[in-house]
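Below are the chains, spelled out letter by letter.
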Amino acid sequence: MAAMPSAAQEVASGPVSGLPLPRYVSLKSDRVNLREGPSKEHRTSWVFQRAGLPVEVTAEFETWRRVRDADGTEGWVLHSLLSGRRTVLVSPWSKNKGETFSLRETNSESAPVVATLEPGVIANVQSCQNTWCRVTVSKIVGYIKQDRLWGVYPNETVQ
């Protein structure tokens, strides 16, 4: 069972990398096999087909990382197919047809809207602070509330 990092909680370190567990990373390739166990002998249970997709690393074993996607699907991938580049999905849990989310010029609900984002859009994270994240989507830079994103922890500071 993975714990969510918070200011009051110690974050575990991965036994192989020494990096925090859990942590978010992204996929390097448009084709990444998700395996049932940490070896190529284990069956492929899913194939991710979206470079830049954020996933959460929940465990490490040698050159393998157990990851979970926004839908909760879990499995093992080779560490070389993962990138430390932080990306997020915009509100992947949204079920309201036509729902959109405003990307704003500054970190304020009253700031001008620079773009309107649909659920499932991948954004590159530049920084997160005080419940807002500065992200880039197709060369457009703006701010969006952190709780509308999957790929950053609640109140996580990203620099």
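Cut-offs and rules
Each chain has its residues counted from 1, following the order in which its sequence is written. With pLDDT at 70 or above as the cut-off, local features in this predicted model cover only qualifying residues; side-chain atom pairs require 80 or more to be listed or tallied, and sums for whole chains, interfaces and linings still use all residues. In computing side-chain values, all of the structure's heavy atoms are included and hydrogens and water are not. Note that a disulfide, as used here, is simply two cysteine sulfur atoms within 2.5 Å. Residue exposure (1.4 Å probe, protein chains only): buried if accessible area is under 20% of the type maximum, exposed if over 50%, otherwise partly exposed. Two strands pair under a simple rule: DSSP has to find at least two bridges between them. The secondary structure listing takes helices from DSSP runs of H or I that are at least 4 residues long and strands from runs of E that are at least 2 residues long, numbered from the N terminus. A side-chain nitrogen of Lys or Arg and a carboxyl oxygen of Asp or Glu constitute a salt bridge if their distance falls within 4 Å.

Student: Break down the state of the cysteines for me, citing the residues and quoting the values.
Tutor: Joining two cysteines, a disulfide is a covalent bond between their sulfur atoms. For the structure shown, the criterion picks out one disulfide. The side chain of Cys128 participates in a disulfide bridge whose partner is Cys133; the two sulfur atoms lie 2.0 Å from each other. Note on the Cys128 and Cys133 pair: the S-S dihedral is about 105°, so by sign convention the disulfide is right-handed. On the basis of relative accessibility, which here comes to 1%, the residue Cys128 falls in the buried class.

Student: Would you mind going over the pairing of strand E7 (residues 64-68) in detail, with residue names and values included?
Tutor: Where strand E6 (residues 54-61) lies against E7, five bridges are found, and the strand directions are antiparallel. The residue bridging Ala59 from the neighbouring strand is Arg66, located in E7. In sequence, E6 turns back onto E7 through a hairpin of two residues, with Glu62 there showing a positive phi of about 50°. Turn length for the E7-strand E8 (residues 74-78) hairpin, with the two strands adjacent in sequence and antiparallel, is five residues, and the turn residue Gly72 shows positive phi of about 95°.

Student: Residue-level account of the environment of Val57, with values.
Tutor: Looking at the secondary structure, you find Val57 in strand E6. For Val57 and Gly14, which are 43 residues apart along the polypeptide, the C-alpha to C-alpha distance reads 9.5 Å.

Student: Residues and numbers for the environment of Thr58, please.
Tutor: Tracing the backbone shows Thr58 in strand E6. The exposure class assigned to Thr58 is buried, which follows from its relative accessible area of 11%. When the C-alpha positions of Thr58 and Gly14 are compared, they lie 8.8 Å apart, and in sequence the two are 44 residues distant.

Student: Run through the pattern of salt bridges, naming residues and quoting values.
Tutor: As enumerated under the stated definition, the model contains nine salt bridges in all. Between Arg23 and Glu60 there is a salt bridge, and its shortest N-O distance comes to 3.1 Å. Residue Arg23 is located in strand E3 (residues 23-27), and its partner Glu60 is located in strand E6; the two are separated by 37 residues in the primary sequence. Across the pair, Glu60 and Arg23 agree in class, each one buried. Of the charged contacts in the structure, one is a salt bridge between Glu56 and Arg68, with a shortest N-O distance of 2.9 Å. Placement of Glu56 in strand E6 and of Arg68 in strand E7 is noted, with a sequence separation of twelve residues between them. Among the ionic contacts, a cluster of salt bridges with common partners joins Glu56, Arg66, Arg68 and Glu74.

Function cannot be read off these values alone, since they describe shape.
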